[in-house]
Amino acid sequence: MKEKDNYSILIVGVGGQGVLLASEIITEVAMGAGLDVKKSEVHGMAQRGGIVSSHVRIAPRVYSPTIGYGQADIIVAFEQAEGLRAMDWMKKDGVAIASMTRLVPAIVTSSKQFSYPDDSIDEMKKKADRVIGVPADKIAMELGNPRLVNTILMGVMSNYLPFDSELWLDVIRKKVKPKFVDVNVEAFNRGRQIQLSTAKG
Amino acid sequence: MKELLSGNEAVARGAYEAGVKLAASYPGTPSTEILETIAARHRSIYAQWSPNEKVAYEVGIGASLGGARALVTMKHVGLNVAADPFMTQAYTGVNGGFVIVSADDPEMHSSQNEQDNRFYARFAQIPLLEPSDSQECKDMIVTAYELSEVFDTPVMLRLTTRISHSKGVVELGDPAQGPDKKFVKEPSKYVMIPSNARVRHVVVRERLQKLRQFTEETPLNYVENNGSKIGIITGGVSYHYAKEVAPDFDYLKLGFTYPLPLKKIAEFVDTHEKVIVIEELEPFCEEQIKAAGIKVAGKEYFGHLGELSPHRVAEGLKKAGVVDKILVSDIEPEKGMFPRPPVLCPGCPHRGAFMALRKLGVAVTGDIGCYTLGVLQPLNAIDSCICMGASIGNAIGMEKVQGYEKGTVAVIGDSTFLHSGITGLVDAVYNNSNVTVMILDNSVTAMTGGQEHPSTGRTLMGEKAGVINIETLVQALGIKNYRRVDPYDYDGILNIIKEEMANPGPSVIHTNRPCVLMPKRIMDEPYTVDLELCNGCSACFRISCPAIAAAKETNEHGRPKAVIDDTLCTGCTLCAQICPTEAIVLKSQMVKG
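In this report, we go over the structure that sits alongside the text. Since this is a predicted model, take the numbers as computed values, not measurements.

## A few points about the nonpolar core
All names here are of chain B. Residues Phe354, Val411 and Met438 are the most contacted members of the largest nonpolar core, which totals 63 residues. Considering every element that reaches this core, the biggest residue donor is helix H16 (residues 350-360), with six residues. If we ignore the near neighbours within four places in the chain, the residues touching phenylalanine 354 are Leu344, Tyr371, Gly374, Leu379, Ala381, Ile382, Val411 and Leu440. Counting 59 residues, the second largest nonpolar core, distinct from the first, contains Ala15, Met140, Ala144 and Tyr241.

Structure follows, in structure tokens:
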């Protein structure tokens, strides 16, 4: 391990976006690197368009399967407002990676009681120093499949974890349906490059 | 060999390693994946969905009587349904080992209450094991079968959502053969007429004495000594939360929590300055410890409600004065964020029924399943939801006392109807109730992820199955007013509900569209909004379809027009049917026009 050997990663999004698959891949990568790992999520009603969040904890010996407030090293948000909602978990020197994707729920559209933030990524930046907004939905469309948002974001995130690119790609090849492997590998690599080009700041 | 397994997958693996022969259940979050995993990966075990938990439990008892190791699994409220055979099986004991898994749901992530089922083990006076992670789930299942056979008792393994749905690294073991037992006629043990039961109750008390001895000796309850003056007594996932925030205290980690090792606890308390019990929900251990005259603290620091977390445990320990500070960020909590409740899927066939019920403004008694989401705004179409199968009984009672002026309608899903709705309908026929029962049939157990049930034609293990025909069943129960309707035909379903509410006696309206997630889209072509025609009336927003959102364009009052996400739209047509300006059209028509 390069710098440290324990990471708490919170992945958030909306039902159907692939939060669980992404956290599964990170977990497998960490186990492949020889570390103890736990991941925790809630299924059930979240499958019906609700919030989905997955806690991943990596260390030589992991106790709690969930992350405490202010303890996440990395937050990955597949939807920008969900990124903002997840900021309670953000560690002071942590990094948040959020897709620009906007999914406005029906309850906001149908009720005057609630509103959707104009720019959640700007709001996130007011709360933490290291926030990366990623146009993952646009890149996914360029690659021809809106479902690639999760893989692109994993590519971005992989720069903040001490695991080799090959280890990630091995797990992706194993977990993704054969006919989607190539495009997912490309999506991962695109994500990995994005961060490198914005990391200077 | 190591593998990443969820608690549920680890239970399934443990059952396989223990040589279990039969597993039965009814799906219920967070327990569902135990049987799904068995059916997918451990095919040496015969696994089945039963119509409800009581039947699953009775099937399990039968397998145990037949000499095999048996597993029954359910969510916490499922044990309420199965409580009848459960309480008496504690008297009969077992032949082949018998384990009941109760998956509780602190925080009610997807449940109607957060009852603490550890009390059920104490109620029935049977052993209770509480694993704290996936590895322990697997190991404790194997141990539970040994205990079951040694002590001649059913054993409860209690999980919580956080255990069931967390993944961790598990060291796998080798599968074993279960015991080679046969069924032996022994009516004095298995036939609980009062004269036999009185004898067996004595056996239960004697067994409890032996278990009290065992709990003191078992390595499932162990002390971790770090030389601290503060001692923590805990088990389940709370153990890991506590270790996370206070790794240096001494621990008495409890894995066998009924009966409690009170001597071991007394010794632990005697050798520490202050001892704190950390447990989720009820003070199940704490009260028994205090009742034994042992001085501990606990609930006053942690509360009785919801799930614990590292943060809540740290707060409690700070309140107890044993830790100085809690690690938290200085980030201000995000206030006033919009909620994102679960919603009926785009194209969900239940939507049409709820649009019609809302329009009619009738009293609607609801039930457990996806369609319970009809309660949420903007649909606002359900007035009660108690437990599986309750809708019909609720409607009967309401109609009997007030004959609700606009009529009373019960809504129930197909799987729930077969689970425990049938008896409600028997009541409606027998007591001549003027209720209208809507069986919202989507041909699957949808809420838990699409499981088979007795009218789907397939078993859990993928075999072709006998099919309960709901129409024939309903008519056989004596329902004269039976109507089968298409829930995508808004005017049609509206009129049929009106007609059946006007009909005296019980009526059944049976919808005929499958769950939109399970087989395929309704139509290949999505709908779109013609912004020229859309006047921003918001009628389509009120049907709560995730595919419909506000457009940037507004009408003359500044209200948003609608836009349809064509990757989500299933072409169910409901929004097009209710749009007063006919602005919602098939995408191809839009392009041509």
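Read on, since the account is not over.
## Focus on helix H1 (residues 19-32) of chain A
All names here are of chain A. Taking 1.5 Å per residue, 14 residues should reach 20 Å; H1 reaches 20 Å between its end C-alpha atoms and fits that length. Counted residue by residue, H1 has 10 buried out of 14 residues, so it is predominantly covered. For H1, the set of buried residues is Val19, Ala22, Ser23, Glu24, Ile25, Ile26, Thr27, Glu28, Val29 and Ala30. A positive phi of about 90° marks glycine 34, the residue just after H1.

## Some remarks on unusual backbone geometry
Residues and elements named next belong to chain B. With an omega of -10°, the peptide bond between tyrosine 258 and proline 259 qualifies as cis. Along the chain, proline 259 falls in the loop between strand S12 (256-258) and helix H12 (262-270). Of note, the amide linkage connecting glutamine 377 to proline 378 takes the cis form, showing an omega dihedral of 5°. You can see proline 378 is positioned in the loop between strand S14 (363-365) and helix H17 (390-402). Despite not being glycine, asparagine 432 has its phi angle at roughly 45°, a positive value. In this structure, asparagine 432 sits in the loop between helix H18 (414-430) and strand S16 (435-440). We note that serine 443 has phi near 65°; this positive angle belongs to a residue other than glycine. A relative accessible area of 41% means that serine 443 is categorised as partly exposed.

## Things to note about the pattern of salt bridges
Residue and element names in this part refer to chain B. Applying the stated criterion across every chain yields a total of 41 salt bridges over all chains. Between lysine 167 and glutamate 9 there is a salt bridge, with the nearest N and O atoms lying 3.8 Å from each other. Taken together, the residues lysine 167 in strand S8 (residues 166-171) and glutamate 9 in helix H1 (residues 7-17) connect sequence positions 158 residues apart. Classification of lysine 167 by relative accessible area gives buried; the value is 11%. Among the salt bridges present, the one from aspartate 152 reaches arginine 200, with a minimum N-O distance of 3.9 Å. Within this pair, whereas aspartate 152 is found in the loop between helix H7 (134-151) and strand S7 (155-160), its partner arginine 200 is found in helix H10 (residues 194-217), the two being separated by 48 residues in sequence. Under the relative-accessibility criterion, arginine 200 is labelled buried at 10%.

What counts, and where the lines are drawn
Residues numbered from 1 in each chain as written. Chains lettered and ligands numbered in written order. Predicted model: local features only at pLDDT ≥ 70, side-chain atom pairs only at ≥ 80, totals over all residues. Heavy atoms only, no water. Core = buried A, V, L, I, M, F, W, Y, C linked by side-chain atoms within 4.5 Å. Buried < 20%, exposed > 50% of the residue type's maximum accessible area, 1.4 Å probe, protein only. Helix = DSSP H or I, 4+ residues; strand = E, 2+ residues; numbered from the N terminus. Contact = heavy atoms within 4.5 Å. Expected span 1.5 Å × (residues − 1). Salt bridge = Lys/Arg side-chain N within 4 Å of Asp/Glu carboxyl O.

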